[in-house]
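Structure at a glance
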Amino acid sequence: MSIVQLVLNQKEIIKIMKNTIIALATAGFITFGASAQAGDAAAGKTTFATCVGCHGANAEGGVGPKLAGQSSADIVSKLNDYKAGKQRGPMTSMMAPMAAGLSDADIANIAAYTASL
Ligand code: HEC
């Protein structure tokens, strides 16, 4: 193997390493975006249309408690409790079926929406 070939091979190796780092960084970024569960408030507002009858058009409360202004973490945890069938307040049986049909993404989106009010 000549010196020229060696130098070329080293350049090739550096190029492959650079591409690998870029690929890993890109993959890492995509994974971060998907696992962040930040919640999309606009999508949450759409899903919340089925909740306004009891919680009010602006989540100000009605038959059900006021949700506006609660932290998104609280809303996520309460909805997961209802979804899991846990008894919360005296009217849990009214609320549990509403939470049962929500996906994790729905819950994250609704929480982002009500926390923004
Ligand atoms: C039929 C009326 C009704 C509908 C529709 C309804 N809820 Fe409720 N919700 C209630 C009642 C009543 C409670 C209190 C239940 C209890 O005593 O635990 C409640 C409680 C909650 C709580 C807990 C609030 C707290 O601070 O303790 C959250 C969060 C919630 N609802 C979210 C939603 C979402 C999101 C939807 C729409 C997918 C929805 N609700 C639809 C009646 C309703």
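Residues numbered from 1 in each chain as written. Predicted model: local features only at pLDDT ≥ 70, side-chain atom pairs only at ≥ 80, totals over all residues.

Comments concerning unusual backbone geometry
- One non-glycine residue, A59, lies in positive phi territory at about 60°.
- Locating A59 in the fold gives a position in the loop between helix 3 (52-55) and helix 4 (72-83).
- With 25 C-beta atoms counted inside 10 Å, the residue A59 sits in the buried group. (Helix = DSSP H or I, 4+ residues; strand = E, 2+ residues; numbered from the N terminus. Buried ≥ 20, exposed ≤ 12 C-beta atoms within 10 Å, placed from the backbone.)

Some remarks on the packing of helix 4 against helix 5 (residues 92-100)
- Contact geometry for helix 4 and helix 5: axes closest at 8 Å, N-to-C directions at 100°. Relative to helix 5, helix 4 is oriented roughly perpendicular. Across the interface between the two elements, L79, Y82 and K83 of helix 4 pack against T92, M95, A96, A99 and A100 of helix 5. (Axes fitted to C-alpha atoms, helices over the stretch in contact; angles between N-to-C directions. Parallel < 35°, antiparallel > 145°, perpendicular 65-115°, else oblique. Contact = placed C-beta atoms within 7 Å.)

A few points about the packing of helix 4 against helix 6 (residues 104-115)
- The geometry of helix 4 relative to helix 6 is characterised by a closest axis approach of 8 Å and an angle of 140° between their N-to-C directions. Classed by the angle they form, the pair helix 4 and helix 6 counts as oblique. Between helix 4 and helix 6 lies a crossing whose hand is right-handed. Mapping the contact onto sequence places S72, I75, V76, L79 and N80 in helix 4 and I107, A108, I110, A111, A112, T114 and A115 in helix 6.
- Along the lines of polarity and charge, the residues of the contact of helix 4 with helix 6 split into nine nonpolar, three polar and no charged. (Left-handed = near helix turned anticlockwise from the far one by under 90°. Nonpolar A, V, L, I, M, F, W, Y, C, P; charged D, E, K, R; others polar.)

What about the confidence of the model for the chain?
- Of the residues in the chain, 68% have a pLDDT of 70 or more, and the chain-wide mean is 84.
- In this model residues 28-36 is a low-confidence stretch, pLDDT under 50, and it forms zero contacts with partners more than four residues away in sequence or in other chains. (pLDDT = per-residue confidence, 0-100.)

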